[in-house]
Structure formats: structure tokens, C-alpha cells
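# Structural description and commentary
The residues making up each chain are set out below.
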Amino acid sequence: MEGTKPVNKKLAAALSGGAVLVLALSGCGGDDGNDKLDAWAKQVCDGVKPQARKIEAANAAIQKQTSDNSAPEAVQKTDAQAFQDMSDAYKAIGTAVDNAGAPDVEDGKTKQTNAVKELNGISASYADLKKQVDKLNTKDQAKFADGLKDVATQLEKLSRSGNDALKKLEEGDVGKAMAQQESCKSASGSPAVTKG
């Protein structure tokens, strides 16, 4: 099964870059004492935390499959499930940000709307990757390795594509308020990113 192993490693490396996206949803800094903003941050962070765990678990599953010398069928099944989980998780984070309403800061509504759009876009990208993995030819080792290579390339693009709207949402006071939330602290304190 050596044929898929280097490709699978590439997939895992690309994926670990993507894990950073969700962890961008937890800033750091002091508190400005804005109760409205704190309440907003708590709602978002509480929504993000279980999804961040889900994304890490999906990441870990692909990493594990990479270190094992797995058959194409097993790789396909694990990767497809992981991408589905990630798609669901980003969608749920988008919903959490949407449901929280606009943060009590300047241009809060615009920042919120853009972040939700971005999260839904990331969710759709992972759903597309899942479809791509589902269609891979597991009977032909060479074709499977080529197919995985394409997936890894797209994954790299996805992990590099900016999460600018999320960063904008978290600028200034919003980031400070989020940093105070236990659920955001624990979401960002996890060892999700391992370059391999």
C-alpha cells in the first residue's frame, strides 16, 4: 500500500493547516467590561467549542489513517467522514455566529454577516471535498493516489484561503471579549495544529 502513503501524508499536512481556521475564533487580550459584548462572545464561544472539538477529531482521524498503512477503502471512508464532519462543524459555527446577532461594535452587523458567509463557504468547500473523496477509485491504487493528490491540493488551497472576515469580526473589543470566555480559551488551548 506504499502508493497512497506519501499522498496521505500530504493530505494530513494540508489538513492541519485548515484546523487553524476555527481556532482563529478565539482572540486574546484584556476585557473592556462591555456586558452586551461579553454576552455575545459567550454565546458564540459556547457554540464554537463543541464544533472545534469535532474538527479536531476529524483532523485526528485523518492523521491516524495517514500513519497507518491503510487500504484505499479505509482511507476513503475515514477521509469522507472527516470532511463531512468538518463541513457540518463550520456550518454550525456559522449558525452560532448568525444566531448571536451583531456584536456591539462599530460595523458589527457587516462583520457578522461576512463571517457567517465565510463560514458557510468553508462548510460548502468541505462538503465538495467529501463528494470528491466518495468518487475516488479504490480498486486502482494509482488512480486512487492521483485522486487523493487532487484532494490534498484543494485542501491546501482551502487552508490557505483567507479567513479574513473571521479576523475582522474578532478585531479589537470583540477579540478581547471572546478571550475572556472559558469556552473560547479551551477551544484555542488545544494542540490542534501539528505540522507533519
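Residue numbering note: each chain is counted from 1, following its sequence as written. Local features in this predicted model are restricted to residues of pLDDT 70 or higher, and side-chain atom pairs are both shown and tallied only at a pLDDT of 80 or more, whereas totals for entire chains, interfaces and linings draw on every residue. Excluding hydrogens and water, the side-chain figures rest on all heavy atoms present in the structure.

Within the element layout of this structure, T113 appears in helix α5 (residues 108-134). Burial status follows relative accessibility: with a 1.4 Å probe on protein chains alone, a residue under 20% of its type maximum counts as buried, one over 50% as exposed, and anything between as partly exposed. Judged by relative accessible area, T113 falls into the partly exposed class, the value being 37%. Considering only alpha carbons, one finds T113 and D98, 15 residues apart in sequence, at a separation of 7.4 Å. Numbering goes from the N terminus for both helices and strands, where a helix is a DSSP run of H or I of at least four residues and a strand is a run of E of at least two.

Cysteine sulfur pairs qualify as disulfides if the two atoms are within 2.5 Å. The final tally for this structure, using the stated rule, is one disulfide. Two residues share a disulfide in this structure: C45 and C184, whose sulfurs sit 2.0 Å from each other. In this structure the cystine formed by C45 and C184 twists about its S-S bond by roughly -85 degrees; its chirality is therefore left-handed. Note that C45 is positioned in helix α3 (residues 35-67) and C184 in helix α9 (residues 182-188), a separation of 139 residues in sequence.

Our next topic: the nonpolar core. Residues belong to one nonpolar core when they are buried, are Ala, Val, Leu, Ile, Met, Phe, Trp, Tyr or Cys, and are joined through side-chain atoms within 4.5 Å. Counting 39 residues, the largest nonpolar core has W40, F83, Y126 and M178 as its most contacted members. When residues of this core are traced back to their parent elements, those giving at least two are α3, α4 (72-100), α5, α6 (141-160), α7 (164-169) and α8 (173-179).

So, about the packing of aromatic side chains. Centres within 6.5 Å are what make two rings of Phe, Tyr or Trp a pair, Trp counting through its six-membered ring; a difference in plane orientation under 30 degrees is then read as stacked, over 60 as edge-to-face, and the rest as tilted. By the definition in use, this model includes two aromatic pairs. A ring pair is formed by Y90 and Y126, whose centres lie 5.6 Å apart and whose planes are at 5 degrees; its orientation type is stacked. On the criterion of sequence distance, the pair formed by Y90 in helix α4 and Y126 in helix α5 is long-range, its members being 36 residues apart. Assigned by exposure class, Y90 and Y126 land together as buried. Taken together, the ring pairs in this structure connect F83, Y90 and Y126 into an aromatic cluster.

Another aspect to go through is unusual backbone geometry. Look at D107: it is not a glycine, yet its phi comes out positive at around 60 degrees. By secondary structure assignment, the location of D107 is in the loop between α4 and α5.

Our next topic: the environment of K91. If you trace the backbone, K91 turns up in helix α4. The class for K91 is partly exposed, based on a relative accessible area of 44%. Considered as a pair, K91 and G121 are 30 residues apart in the sequence and their alpha carbons are 8.6 Å apart.

This paragraph deals with the packing of α5 against α6. Note on definitions: angles span 0 to 180 degrees between N-to-C directions of axes, and those axes are lines fitted to C-alpha atoms, for helices only across the stretch in contact. Here α5 crosses α6 at 175 degrees, and the two axes come no closer than 10 Å. In this view, α5 runs roughly antiparallel relative to α6, as classed from their interaxial angle. Here S125, Y126, L129, Q132 and V133 of α5 lie close against α6, whose contacting residues are D150, V151, Q154, L155 and L158. Residues are grouped as follows: Ala, Val, Leu, Ile, Met, Phe, Trp, Tyr, Cys and Pro are nonpolar; Asp, Glu, Lys and Arg are charged; all remaining types, including Gly, are polar. Here the residues of the contact of α5 with α6 sort into six nonpolar, three polar and one charged. The cut-offs work like this: below 35 degrees is roughly parallel, past 145 is roughly antiparallel, 65 to 115 is roughly perpendicular, and the gaps in between are oblique. Here, residues are in contact when the closest pair of their heavy atoms is within 4.5 Å.

Moving on: the pattern of salt bridges. The working definition used for a salt bridge is a side-chain nitrogen of Lys or Arg within 4 Å of a carboxyl oxygen of Asp or Glu. What the rule picks out here adds up to seven salt bridges. Linking E73 and K139 is a salt bridge whose minimum nitrogen-to-oxygen distance equals 3.9 Å. With E73 in helix α4 and K139 in the loop between α5 and α6, this residue pair connects regions lying 66 residues apart in the sequence. Using a relative accessible area of 71% as the deciding quantity, one classes K139 as exposed.

These results come straight from atomic positions and should not be treated as a statement about function.
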